[in-house]
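Topology and contacts: notes
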Amino acid sequence: MNFKIVFLFLISCTLTFAQKGTVTGTLTDKDMNNEPLPFANAFLKGTPSGTTTDENGVYEFSAEPGNYILSLSFLGYETIEVSIVVKANETITVNKALTAGGGFMLSDVVVETTTSKERESALLIDQKISVDIKQSIGAQEMSRKGISDVSSAVTKTTGITKQEGSGNIFVRGLGDRYNSSTMNGLPIPSNNPEKKNINLDIFSTDILEYVSIDKVYNSKLYGDFAGGNIDIISKDFSGKQYIKLDVESKINSNAISENNFTLQNGPSGSGFTTYAIPNNPLTEYNYNSLGLDKKSPIASSFGISGGKSFQVGEVSRLNFFATASFSNQYSAIADGSAKGGVNEAGVINKDFEEFVSLGYTTNTTLMGNLGYKINSSNKINFNSVYVNSSSQTKEEYSGLIVDIANDGNGLIRRSTYVKNNLFINQLIGEHKFNERTKLNWAAALNKVQGDMPDRTQNIFRKETNGYVLSNISAPDNHRYFQYLEENETVGNASLEYKFDKKEFIYKGKFTFGYNGRYKTRDFEATQFNFKSNTGFTNTIVDPDNLDAFYNQENLSNGYFSIATFRGNSQVSNALAPQTYDGELLIHGAFLNTEYKFEKLTALVGLRGEYIFQSVKWNTQLEPSGGKDELEKIAFLPSLTMKYELNEKQNLRLGFSKTYTLPQFKERALFVYEEVTEVKVGNPDLYASDDYNFDLKWELFPKNEEVVSVTGFGKYILNPMNEVTISSSTNDISFINTGDFGYVAGAEVELRKLLFEVEGTNSQKLSGGLNASYLYSNQELNTLKVIKETDYNVVFTNEEGKFTGASDLLLNADVTFITEWNEKESNFSSTIAYAYFSDRVYAIGTNGRGDLVDKAFGSLDFVAKSKLTKNLGVNFIARNLLDPTINRVQENSSGDINVLTYKKGLNFNLSISYQF
């Protein structure tokens, strides 16, 4: 750079500035005890003169002498206008406190700003002015509804449900494989070998500012998209420094009522325990105890969070935010029953009249955010998130087991301990070269370790004088060790260029960008089968004291033997685990062109992607090993348009082409066994192509209010589903079930301020409703499956719904808020109801009907109180209706209930204190 030219330029600017006047001041948030309001707008109407406030709410800019209207505004806040006179070489100071409310017009913004999106009002205005069709839920709304994790948060938005007993999220009836999850726009890996997306339950709301749900595709996103993308936006601190402490106590009505709440010995209450396969596992008994440990099922949580800003030099600022939390939870299933292996005639292979599941989960979350604002044009953020989650369950099934306990005298006990580690590191940069050009870039290194160390299963038959261990099949009694590690490197970069400036506003914008990701997965599993030897098959055992039978002395004396699927200790490779390794490489480039006509704004995008996926395996189905590769080049156009009917109404349209990629485990020849079902991969599975359409009308009557109606449709070529294949154990696999399928539906959203009383003791009553109606249908083509795969499938029906698709989804809530003591104290209460109708769990084959999760509704109550400026007390009651949850198999002869249970009520009491 020529520093002489720069020096002369600075001297010129200084001389010019000397002929002008200065406008300065401080803007504060009246609703937040007059805390500084960063990134608010301050400008002179009708001129290009203006700026945004810094982290301390301070603004300052120069202007030519004259009479002006000074406009002070912030998204979601009332705009204040002040008449001022600017004089040469003089400074005029205007300090104001802004309050939430009032109208907002896009034309009010002259300078781009970064705004806090924890408030519902700010998110609604962002939704209003954005060209993209999206929906968000912020920290404020989550707090009001008593939401503690991201999974629960997204289900409070239109058209999204969660499958009971799992972390599966369904967007517009489309399940895990059709959706994607990101943090700050960067992909995050899954902690479950069966799933594409990470279990959103593990993300505490303490770490986020808001969650954005994109149900309409745009070219900035990866093309593996059909249902939606869930983007977790982490907190970025600004404002006054603080430290906040939280303590909570929790109980589940079923768990607290359980007289003998026991779990397997071994895992600690912290959730950090891990196990390796013991030494000499085939010839020596060095395994953990099978004994049970009695628990007091009262859960708790605690957390600490805080933030601080540091001034660096004259124009730079360093912001730091950190949070640490630990929580646990006890759960129990009541009134449970289950059935497995039900055929088309209703003959049942496993009929458990009693099903009991006791559980304990933990979550430890650490997060740090470091934001360095170099100057008004350059900013860098570093985010680091560590999550350790664990779950421990003991499941017991009592009843009929064909060939083992034909008189209904069987018992299956399975104890499972799962430990997951997630480590996310992100570096994000934003650089404004001038008013036209901006560079955004981001990079991330992610790592997941998902372990299932020492899952145990034992099957018993009750005789007259006690229980004996089943000896029908070697895997009846086993210990299972599973380890997964996934590493991912991600990079994003985009360059924005604005053009066609009219009256201080640019009409158009080009965005050119690149996305790249490289992911590897290493998975291995070893199952040790414990089979009683001849002469000891009828030994009486105590299910609660199995260490008396399984021990080194009895192993040495030949009571039982230990082997893997490869064989016993006499086989040289008996300890070689089952493995599969996955590799995914995606390179993507896109060009978006956005242009604003009078009332119409159009965003046209084109994205190209190269996709390479490789899976290698060595499993019991193919001990010699196998490999499969998938390669695809995709060209993905998209179009989004917004037409402003008036200042309060928009009409939006979206169209796009995307694809759906099968996951590693869906294509690996690996068998995973549950008590009532078995899943196996399909190497012949291939990608689907998706065509998406949306039309939306929205009305923003006033601040905090919205009314919207959306119609949408999706056409999917070669859709993928979970299907029961013809096998001796009725295995479930992943199949391209037909040539096409389609989804059509409508969504309605309403947020309304029912009444408001302002004054010293203010009161407000508001309500929200969102509903979604969905129709789905797909071809089920038996000949296609037989031709394209090695599996034999005969579909019961020639067409059917998509798995996970509910016809009707409903969320409703009513909130009352009152404030007093100059708004330092407040109380709010919310009643929230959620409902989903019947949805298909798995498609029926060979005369068997579909497995269907039956409809149910849930009701929650949340009460929150801020007693003083620093002290808060909250009470939450969840699942107040405690509905019976049912899954049925819809055979032609009538429905057969294959699973039923109740989850119980959950009560939480928490106290927080902020310094």
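A quick note: this is a predicted structure, and the numbers were derived from the prediction, not measured.

**Details of the overall build of the chain**
When helices and strands are tallied, the chain shows eight helices and 52 strands. Carbon and sulfur atoms provide 54% of the accessible area of the chain, an area that totals close to 37,400 Å².

**Things to note about the pairing of strand β45 (residues 825-836)**
Looking along a regular strand, one sees side chains alternate from face to face of the sheet. Across 12 bridges, strand β44 (residues 808-820) lies against β45 in antiparallel orientation. Within β45, the residue paired with Asn811 across the bridge is Ala834. Here β45 runs beside strand β48 (residues 856-866); their pairing, made up of 11 bridges, is antiparallel. Within the sheet, the bridge partner assigned to Ala832 lies in β48 and is Asp860.

**Considering empty space enclosed by the protein**
Under the defined criterion, the tally for this structure stands at nine cavities of 30 Å³ or more. Of the voids in this model, the largest cavity is the one considered here, and its volume is about 140 Å³. Elements with a minimum of two residues in the lining of the largest cavity: β37 (688-699), β38 (706-717) and β41 (740-757). Ranked by the residues each element gives to the lining of the largest cavity, the list is headed by β41, at three residues. Across the lining of the largest cavity, the residue classes tally to four nonpolar, four polar and seven charged. Space inside the second largest cavity adds up to approximately 80 Å³.

**Re the nonpolar core**
Counting 68 residues, the largest nonpolar core has Val150, Val154, Leu200, Phe203, Val211 and Ile232 as its most contacted members. Not counting the four nearest positions on each side in its chain, Ile232 is found in contact with Val150, Thr182, Met183, Asn184, Ile188, Leu200, Phe203, Leu208 and Tyr210.

**As for the sheet that holds strand β6 (residues 66-73)**
As summarised here, the arrangement of the four strands in space is β4-β3-β6-β7, forming an open sheet in which the pairing is antiparallel. In this open sheet, the two strands that pair with only one neighbour each are β4 (50-52) and β7 (80-86). With direction set aside, neighbouring strand axes in the sheet form an average angle of 20°.

**Quick word on the pattern of salt bridges**
In this structure the tally under the stated criterion is 32 salt bridges. Close ionic contact of Arg607 with Glu609 constitutes a salt bridge, the shortest N to O distance being 2.7 Å. Side by side, Arg607 and Glu609 carry an identical accessibility label, which is buried. Note that Glu788 and Lys784 form a salt bridge whose closest N and O atoms lie 3.1 Å from each other. Residue Glu788 and its partner Lys784 are both found in helix α8 (residues 782-788); the two are separated by four residues, about one turn of the helix.

**Some words on the packing of aromatic side chains**
According to the stated counting rule, one finds 34 aromatic pairs in the structure shown. Taking 6.1 Å as the distance between ring centres and 40° as the angle between the ring planes, the aromatic pair formed by Phe530 and Phe560 counts as tilted. One end of the pair, Phe530, is in strand β28 (residues 505-532); the other, Phe560, is in strand β30 (residues 560-563), and 30 residues separate them in sequence. When its relative accessible area of 3% is taken as the criterion, Phe530 is described as buried.

**Section: the side chain of Thr511**
Structurally, the position occupied by Thr511 is in strand β28. Residue Thr511 is classed as buried on the basis of its relative accessible area, which comes to 3%. When near neighbours in sequence (up to four residues on either side) are disregarded, Thr511 contacts Lys220, Ser494, Leu495, Glu496, Phe590, Leu591 and Asn592.

**Re the sheet that holds strand β13 (residues 179-183)**
If you walk across this open sheet you meet the five strands as β10-β15-β16-β13-β14, and the pairing is mixed. Every other strand in the sheet has two partners, leaving β10 (135-138) and β14 (186-187) as the edge strands with one partner each. Across five bridges, β13 lies against strand β16 (residues 228-234) in parallel orientation. When the sheet's bridge partners are listed, Ser181 is paired in β16 with Ile230.

**Concerning unusual backbone geometry**
A positive phi is found at Asn280, a non-glycine position, where the angle reads about 50°. Within the fold, Asn280 resides in the loop between β18 (262-264) and β19 (292-294). Even without glycine at this site, Asp882 takes up a positive phi of about 40°.

**Considerations on the pairing of β10**
Side chains of β10 alternate between two faces, with Gln135 and Ile137 and Ser136 and Gly138 buried alike. By the bridge criterion, four bridges tie β10 to strand β15 (residues 208-214) in an arrangement that is antiparallel. Bridge assignment links Ser136 to a residue of β15, and that residue is Ser212.

**Re the environment of Glu583**
Tracing the backbone through its elements, the reader meets Glu583 in strand β31 (residues 578-596). A sequence separation of 29 residues divides Glu583 from Phe612, and the C-alpha atoms of the two residues are 7.9 Å apart. Apart from the residues lying within four places of it in its own chain, the contact partners of Glu583 are Tyr518, Lys519, Phe612, Gln613, Ser614 and Phe664. For Glu583, the side chain forms a polar contact with the side chain of Tyr518, separated by 3.0 Å.

**Thoughts on the confidence of the model for the chain**
Averaged over all residues, the pLDDT of the chain is 85; the fraction at 70 or higher stands at 89%. Low pLDDT, under 50, characterises residues 1-18; the predicted model gives this stretch four contacts beyond four residues in sequence or across chains. The low-confidence segment residues 101-116 (pLDDT under 50) makes 38 contacts with residues lying over four places distant or belonging to another chain.

**A look at the environment of Asn409**
By secondary structure assignment, the location of Asn409 is in strand β24 (residues 405-432). The spacing of Asn409 and Phe460 is 51 residues in sequence and 8.4 Å in space, taken between C-alpha atoms. Setting aside its immediate chain neighbours within four residues, Asn409 contacts Gly399, Phe460, Arg461 and Lys462. At a separation of 2.8 Å, a polar atom in the side chain of Asn409 contacts the main-chain carbonyl oxygen of Lys462.

**Some words on the environment of Pro883**
Counting through the fold element by element, Pro883 comes out in the loop between β49 (871-878) and β50 (885-891). When the C-alpha positions of Pro883 and Ala855 are compared, they lie 9.7 Å apart, and in sequence the two are 28 residues distant.

So, how was this worked out
- Residues numbered from 1 in each chain as written.
- Predicted model: local features only at pLDDT ≥ 70, side-chain atom pairs only at ≥ 80, totals over all residues.
- Heavy atoms only, no water.
- Helix = DSSP H or I, 4+ residues; strand = E, 2+ residues; numbered from the N terminus.
- Areas by Shrake-Rupley, 256 points an atom, 1.4 Å probe, with all protein chains shown as cover.
- Pairing = 2+ DSSP bridges.
- 1 Å grid on protein atoms, 1.4 Å probe; cavity = no way out; pocket = protein on both sides within 12 Å on 5 of 7 lines; lining within 4 Å.
- Points joined across faces, edges and corners; volume = space filled by probe spheres on them.
- Nonpolar A, V, L, I, M, F, W, Y, C, P; charged D, E, K, R; others polar.
- Core = buried A, V, L, I, M, F, W, Y, C linked by side-chain atoms within 4.5 Å.
- Buried < 20%, exposed > 50% of the residue type's maximum accessible area, 1.4 Å probe, protein only.
- Contact = heavy atoms within 4.5 Å.
- Axes fitted to C-alpha atoms, helices over the stretch in contact; angles between N-to-C directions.
- Salt bridge = Lys/Arg side-chain N within 4 Å of Asp/Glu carboxyl O.
- Phe/Tyr/Trp six-rings, centres within 6.5 Å; stacked < 30°, edge-to-face > 60°.
- Polar contact = N/O pair within 3.5 Å; in protein donor to acceptor, adjacent residues only side chain to side chain.
- pLDDT = per-residue confidence, 0-100.

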